[in-house]
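Listed below are the residues making up each chain.
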Amino acid sequence: MTRPALALLLASGLLAGAAGAASAQGAHEWPVKPIRAIVPIAPGTGGDVMSRIVLNQLSVQLNQPIVIENKGGAGGTIGANMVARAEPDGYTLLSNTIAHAIAPAIYPNLPYDVSKDFAAVIPIGNVPSALVVSPSKGFKTVGDLVAAAKAKPGTLTYASAGVGSSTHLTAERMLQSAGITAIHVPFRGGGFQPEIIAGRVDFAYSPIATCLPNIKEGNLQALAVSGAKRASSLPDVPTTLEAGFADSDYVIWVGLFFPAKTPREIVDRLHDEAIKALQSPAVRDRFAQLDVEPMPMSPAEFDQLIRKEIVSNAALARAVGLKAD
């Protein structure tokens, strides 16, 4: 080997080593500037509220601002795509709901791969939904609602936060279990509660985190909850399982993600900080008020959950013929 060639080889090696050291140092020092968090759902919805509770606490722990941007639309896929295409430097974060694992079943031509284009960090928690109606409808139980739907097939209406949203699939699981049909009225985001209260739409599933105030004020009546167990904030309201509707349980989780090639040191650091956040009194107390159950999974366990739910949601979408408008 000639002397110039040897010098070039040594220089390349030194540069590569320096780049690796810089990368490792950057991961160790992260974060050194504000973090951008994309929340691909409407402000004030259950997933948005859960995201903000945890992200605000993480901002305190990391000593850096976390700037939250709501980028709703297309079942959360617009915001998710922004993160999938972002620089994987630890400064763009996605906080998404279970809609993240629903999207492949609804949108066959997604511009990203849910399984490959994201680094799962942690699911921060899950919350059941309440099956709510206007008190003026006269339904006292979920059985009353089902009986009305069977008496006049295809005439009842139900609202959701959009085609393929978690509120949509929660309702579809219930309809399929009960053997009834209803007309879907999708809204962009979660702003359908006024329509339920006014009685213009017959029913909806709404995360307890967002509908509880209206239930307590008597504007909405909760007929059932979608979890496997009763909600502590609605102890007198049965689950749909208790009401006799098998396989109707469904909870909404919210999780944190980075772009796929984000350094593992940063992913692990955020995971560890999120665990601390979930144990902090500020988060623990707010989650308890909203019936949110923390989910302190490892990144690998979260990845496995997502893969499992992609399959499960695809099966449900096929069974009920779900597709994006």
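Structure: see above.
Residues numbered from 1 in each chain as written. Predicted model: local features only at pLDDT ≥ 70, side-chain atom pairs only at ≥ 80, totals over all residues. Heavy atoms only, no water.

Concerning the environment of serine 165
In this structure, serine 165 sits in the loop between strand S5 (157–160) and helix H6 (166–178). C-alpha of serine 165 to C-alpha of alanine 130: the two residues are 35 residues apart in sequence and 15 Å apart in space. The contact partners of serine 165, leaving out residues within four places of it in the chain, are Ile102 and Ser160. (Helix = DSSP H or I, 4+ residues; strand = E, 2+ residues; numbered from the N terminus. Contact = heavy atoms within 4.5 Å.)

Re the environment of glycine 154
Within the secondary structure, glycine 154 is located in the loop between helix H5 (142–151) and S5. Judged by relative accessible area, which is 28%, glycine 154 ranks as partly exposed. Separated by 28 residues in sequence, glycine 154 and alanine 182 have C-alpha atoms that sit 4.7 Å apart. (Buried < 20%, exposed > 50% of the residue type's maximum accessible area, 1.4 Å probe, protein only.)

Quick word on empty space enclosed by the protein
Any empty space left between the atoms is revealed when a probe the size of a water molecule rolls over them. Here the structure, examined in full by the defined rule, presents 2 cavities of 30 Å³ or more. Val114, Ser115, Phe118, Ala120, Phe257, Asp303, Ile306 and Arg307 are the residues that line the largest cavity. Counting only elements with at least two residues in the lining of the largest cavity, the list comes to strand S4 (118–133) and helix H11 (299–320). At 3 residues, H11 tops the list of elements feeding residues into the lining of the largest cavity. Broken down by class, the residue content of the lining of the largest cavity amounts to 5 nonpolar, 1 polar and 2 charged. Here the second largest cavity defines a volume of roughly 40 Å³. Of all the secondary structure elements, the ones that give two or more residues to the lining of the second largest cavity are H5 and H6. Per-element accounting of the lining of the second largest cavity gives the leading share, 3 residues, to H5. Tallied by class, the residues present in the lining of the second largest cavity amount to 8 nonpolar, no polar and no charged. (1 Å grid on protein atoms, 1.4 Å probe; cavity = no way out; pocket = protein on both sides within 12 Å on 5 of 7 lines; lining within 4 Å. Points joined across faces, edges and corners; volume = space filled by probe spheres on them. Nonpolar A, V, L, I, M, F, W, Y, C, P; charged D, E, K, R; others polar.)

Quick word on H5
Taken residue by residue, H5 has Val142, Leu145, Val146 and Ala149 as its buried positions. The arc that holds the buried residues of H5, viewed along the axis, is 95 degrees, so those residues lie on one side. Where H5 is buried, its residues contact S4, H6, strand S7 (203–207) and strand S8 (221–225). Structurally, the start of H5 carries an N-cap: the backbone nitrogen of glycine 143 is 3.2 Å from a side-chain oxygen of threonine 141. (Arc of directions from axis to C-beta. Polar contact = N/O pair within 3.5 Å; in protein donor to acceptor, adjacent residues only side chain to side chain.)

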